[in-house]
Amino acid sequence: MSRGGQAPLVTGISPKEGPAWTKVTIRGENLGTGPADLIGLSICGHNCLLTAEWMSASKIVCRVGPAKDDKGEIVVTTKSGGFGTSTVSFKLLKPERIGILDQSAVWVDELNYYDMRTDRNKGISLLSLRPNNPLGIEIDKGTLPLKDVEMTFPGMSGDFTSENFSATWYLIENHASTGFEHLKIAASNLKKQATKKNEGSLAYVKGGLSTFFEAQDALAAIHQRQESDGTERVQGSMTQRLEVILNRASDTADTLFQEVLGRKDKADSTRNALNVLQRFKFLFNLPLNIERNIQKGDYDVVINDYEKAKSLFGNTEVPVFKKVYAEVESRIKSLRSLLLEKLLQTPSTLHDQKRYIRYLSDLHAAGDPAWQCIYAQHKWILQLMQDCRDEFISGQKVCVGAPDPSVLSRLSHISSLKRGSSLQMTRPSNRHFETPQQVQFVEKLSDVVIGQLPNFWKLWISYVNGSLFSETGEKSGQVEKSKKNARQRQNDFKKMIEEMINRLVKLVRGALLPTTLPRGEQSLYGGWENKTELSGAWLTEIIHTVRGCHEALSALEIPNDLLQVIQELLLELRVHCLMVTLLHTTDDVRRLAEKEDWIVEGFTRLPSQFEQCMAQMLQSLREPLDIKPGEINILQLDQVQDQATELCVNIMKVFINCLGQQSTKRDGDLTPSHISVELSSADPFTNMQEHFSPTSEQRLLILLSNCHYLERHTFLNLFDHFEKHGFTGTEKISQVSMMAVRELDEKLFDAYIERRADPIAGALEPGIYAGYFDWRDCPTPTGVRSYLKEALMNIITVHAEVFTVSKDLVPCVLSKIVATVADEMCRLIQCVSSFSRNGALQARLELCALRDAIAAYLNAESNASFKQAMDALPQLHSGSDKKLLGELLNQFRSSMLLQLTCFQPSCVQPVKR
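Position labels on residues start from 1 in each chain and follow its written sequence. Reporting in this predicted model follows two pLDDT cut-offs: at least 70 for local features of residues, and 80 or more for side-chain atom pairs to be given and counted; totals over whole chains, interfaces and linings ignore these cut-offs and use all residues. The basis for every side-chain value is the complete set of heavy atoms in the structure, and neither hydrogens nor water enter the calculation.

Colleague: What is the right way to read the sheet that holds strand S10 (residues 85-86) from this model?
Modeller: Strand-to-strand pairing in sheets goes through backbone hydrogen bonds, with the strands running parallel or antiparallel. Only when DSSP finds a minimum of two bridges between them are two strands counted as paired. Helix and strand labels come from DSSP, where a helix needs a run of H or I of at least four residues and a strand needs a run of E of at least two; each type is numbered from the N terminus. Pairing is mixed across the open sheet formed by 5 strands, whose spatial order is S6-S7-S3-S1-S10. In the strand order of this sheet, the two ends are held by strand S6 (53-56) and S10, each with one partner. Of the pairings in the sheet, the one linking strand S1 (residues 9-14) to S10 comprises 2 bridges and is parallel in character. Residue pairing for S10: Leu9 is matched across the bridge by Thr85.

Listed below in structure tokens is the structure:
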């Protein structure tokens, strides 16, 4: 044997265990180069080479023989690789011997068994009595493959009990290497067995020969006597006399033993009746057992007993059996009615429904119980939904409970509720407010649908795929019948689902959008006219609830065309929620302006409160504006977009109008409040709060500051919020809002300037001509006169007032006041007909002092006014006049240094005391 190649290695066997003659597949490496290279294969120590079929160098198929070892390795031997090894093992399962009286799932042949009582073989065939070794010599198995023998002797067999027995095959298989002498001995053994068999049969005949002759003589004598008896006519034939004798003997016996025989007959009949009752006690006890099992709920036992009785006694002709079986049928009929009643009873679980349907099908109930259950559930769910609405409308439902913020988490557990449990839910009460009845109704209605419709849909799916009768998908007559009935009723079931979803949508519409219902259906689904009008927040929760219901139904794989009505309802609810929220926000903004506290920190808190109110409004619209799968963006609808834009513009206008109305209120209409003074200094006198009611001028300043803040901050932030939430009309909202606030700003500014500038400008002329002052006849100037100082103090007063409210307003306000004062001074100077030398010097001194004091707030208009006024004065030609003018101006600046400091730029630090 060549060992140049690699040794075989077995790495796997499938299956890994089994009884004898199990077909296995061996996998590994180097399992031979061909069928001729495979010279050995053993499994658990048994040689399996004869049944081995070489497939490839990594696969061999064979059958496991009856080995002695329960578990062992698989060893492959090849010419090229030699003796192999194995990494796996095979477990041989020993078959259990089954006795005659043992319960078994297989058929046991009872023909061949040994009776120990009579010590005789019963039912043993002649062939089975043949010896295992008919030749009587030692068996020597050959090594010739079985396939080769079958090819040599086609259609023949080596089994000597077979009809196609071939002696040559038998000798090749069992005596391939037996010598000729032993075969001669085997031939003589066969002859002896044949002779012994023939001699045994002949011995039986020889031993009973005399008996055969005696029987023959007796039969002949009887025959002769009957023939001779036929000729005697006097006393009748022998048979007639024998009949008379026998009848007389019978009468005598009856007379003697009538009582005994009567008791015997009665006992025999009783015994026979008891035997019948004992033998057929299953049938006689069946009616009572059916009643007991029905009371216990063991319907499976009843059905099994009924099937057994039906197969045994369904076609019986025995009167007593027919009577008892009729009673059984009566009980079963009552059971069918009971199961049908339980099946149609509501509420019930899906498990119970399937169970009752199977029971009724096994009992061959009339009609289609599954469809009857589906129809009953359909009507019940519809009535449940309508009862939910009627319960709230009639006022029997008590409004308790605050809105649940985690609606989705609540909906995720609804599908686990049993049927009917959804109407048992209660919500915690809250003292501060009550959940509107419409919200409670939609939540309860959603609970009903989500709690009942999934089981209804699953029942239909089980009806369609036949799993009502076979969870494993096994085909049967019931399954095929169920599928056929389901195919015929698909349209009817689709109408049921459509009706329930339409009922859900109509009930929600009746509670929230009654105008969208036809007039004829408003009385059936509406009736909520006296209920509270819902706010946007409650509508948002309802949208959340309806979306959760839609998602739960979509998860059941209900066709989208049936759920389209819910999508349409959601679209209208989202639009309605958007409009209601915007309208309510308009009212909130209008009331918000009435809460102005006039506490100033550059501006009041009102703009921030308005921005916060609008941001909260947009945040509350996140749910309605959110786009779920299958939904559309409502802001892309032209009509909705236009309405939403107009409402947003209206909100802005309402707020701006409220600001304008505050400026026109009388001083007595305001309640005392605090005004916070915030100066850009570390002075301990800053940030002082004084208790006072703002004057009309202060209100104008505060409102001006608010307008500036609105334009520069609040509106810009709101426009960003609008764009972030998808509002497409932001540009229009921005344009209208900015225009409105600017108009209000101009109006307020003009009103304030009018109130502050006119008194200052009006006081100039009386001040100039106080004491009968005359420009043509006046003394030499000694300084700036008091009227101009008074005007500057009035301007400083305005500066302080504006600075207290808003530093940003100081330049524009003072520039306008300065321009008014400059214009008035120009007018007054131009109205003078002539100036004396001193008058011209005095006028120039006062104009220069005024111009230099308010130089930081001069604009083109005021500069032009001062220039015109200067041009109207005579020029100074004398150097002494110019010198005097300079000295007097320096004197003015020095004397009013503290007062004029406020006119310096804001970066200049205040004067230290």
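Colleague: How should the pairing of strand S3 (residues 23-29) be read in this particular structure?
Modeller: Looking along a regular strand, one sees the side chains alternate between the two faces of the sheet. Along S3, the buried face is formed by Val24, Ile26 and Gly28; none of Lys23, Thr25, Arg27 and Glu29, which line the opposite face, is buried. Pairing analysis gives 5 bridges linking S1 to S3, with the strands arranged antiparallel. Note that in S3 the partner of Val10 across the bridge is Gly28. Exposure categories follow from relative accessible area, calculated using a 1.4 Å probe and restricted to protein chains: below 20% of the type maximum is buried, above 50% is exposed, and the middle band is partly exposed.

Colleague: Would you explain the pattern of salt bridges in this entry?
Modeller: One side chain can pair with another of opposite charge once the charged atoms of both are near each other. Note on definitions: salt bridges are taken to be side-chain nitrogens of Lys or Arg within 4 Å of carboxyl oxygens of Asp or Glu. What the rule picks out here adds up to 16 salt bridges. Notably, a salt bridge pairs Arg389 with Asp390, separated by 2.8 Å at the nearest N-O pair. Take Asp390: its relative accessible area is 30%, and that puts it in the partly exposed class. Close ionic contact of Arg837 with Asp881 constitutes a salt bridge, the shortest N to O distance being 2.9 Å.

Colleague: In this structure, what is going on with the nonpolar core? I would like to understand it.
Modeller: One recurring pattern in soluble globular proteins: nonpolar side chains tend to sit buried together. Nine residue types can take part in a nonpolar core, namely buried Ala, Val, Leu, Ile, Met, Phe, Trp, Tyr and Cys, and a core is a set of them joined through side-chain atoms within 4.5 Å. Ranked by size, the top nonpolar core spans 103 residues in total, and within it Leu578, Phe610, Phe715, Phe722, Phe727, Val813 and Ile817 carry the most contacts. Formed by 83 residues, the second largest nonpolar core is a distinct cluster that contains Leu339, Ile357, Phe441 and Leu513.

Colleague: What exactly am I supposed to notice about the packing of helix H10 (residues 369-393) against helix H12 (residues 437-465) here?
Modeller: Each pair of packed helices gets described by two things: the angle between the helix axes and the distance between those axes. The N-to-C vectors of H10 and H12 enclose an angle of 180 degrees; their axes lie 10 Å apart at closest approach. If you check the angle between H10 and H12, you find them roughly antiparallel. Looking at the contact of H10 with H12 residue by residue, the class counts come to 18 nonpolar, 5 polar and 2 charged. Angles here are taken between N-to-C directions and fall from 0 to 180 degrees, while the axes themselves are lines fitted to C-alpha atoms, restricted in helices to the stretch in contact. Convention used here: angles under 35 degrees read as roughly parallel, angles over 145 as roughly antiparallel, angles from 65 to 115 as roughly perpendicular, and any remaining angle as oblique. As a working rule, the residues Ala, Val, Leu, Ile, Met, Phe, Trp, Tyr, Cys and Pro are called nonpolar, Asp, Glu, Lys and Arg charged, and the rest polar, with Gly in that last group.

Colleague: Would you mind going over empty space enclosed by the protein with me for this structure?
Modeller: Remark: the empty space left among the atoms is shown by a probe the size of a water molecule rolled over them. For cavity detection a 1 Å grid was placed over the protein atoms alone, and a set of points counts as a cavity when a 1.4 Å probe fits there but cannot get out; an open set counts as a pocket when protein lies on both sides within 12 Å along at least five of seven lines, with lining residues being those that have an atom within 4 Å of a point. Grid points are joined across faces, edges and corners, and a volume is the space filled by probe spheres set on the points. In the structure shown here, the tally under the stated rule is 4 cavities of 30 Å³ or more. A volume near 60 Å³ is recorded for the largest cavity. Every residue lining the largest cavity is listed: Val442, Leu445, Ser446, Leu504, Val508, Thr545, Val546, Cys549 and Leu569. For the lining of the largest cavity, the elements supplying multiple residues, two or more each, are H12, helix H14 (490-512) and helix H16 (536-554). The class makeup of the residues in the lining of the largest cavity is 7 nonpolar, 2 polar and no charged.

Colleague: What is the right way to read unusual backbone geometry from this model?
Modeller: With glycine set apart, most residues show a phi of negative sign, and most peptide bonds adopt trans. Going from Ser14 to Pro15, the amide bond is cis rather than trans, its omega being -5 degrees. Along the polypeptide, Pro15 turns up in the loop between S1 and strand S2 (17-18). Although it is not a glycine, Trp21 sits at a positive phi angle of roughly 70 degrees. By secondary structure assignment, the location of Trp21 is in the loop between S2 and S3. The backbone phi angle of Cys44 is positive, close to 60 degrees, even though this residue is not glycine. By the secondary structure assignment, Cys44 is in the loop between strand S4 (38-43) and strand S5 (46-47). In this structure Cys44 comes out as buried when scored by relative accessible area, which is 3%.

Colleague: Can you help me understand the packing of aromatic side chains in this one?
Modeller: Aromatic ring pairs: the centre-centre distance and the angle between the two ring planes describe each pair. Between rings of Phe, Tyr and Trp, where Trp is taken as its six-membered ring, a pair exists when centres lie within 6.5 Å; planes separated by under 30 degrees are stacked, by over 60 edge-to-face, and by other angles tilted. Across all of its chains, the model carries 10 aromatic pairs by this definition. Where Trp371 meets Trp460, the ring centres are 6.4 Å apart and the plane angle is 65 degrees; that geometry is what we call edge-to-face. Note that Trp371 is positioned in helix H10 and Trp460 in helix H12, a separation of 89 residues in sequence. The pair Trp371 / Trp460 is uniform in exposure class, with both members buried. With a centroid separation of 5.8 Å and 45 degrees between ring planes, the pair formed by Trp457 and Phe493 is classed as tilted. Residue Trp457 is located in helix H12, and its partner Phe493 is located in helix H14; the two are separated by 36 residues in the primary sequence. Among the aromatic residues, ring-to-ring pairing joins Trp371, Phe456, Trp457, Trp460 and Phe493 into one connected group.

By themselves, these are just geometric observations and shouldn't be taken as functional.
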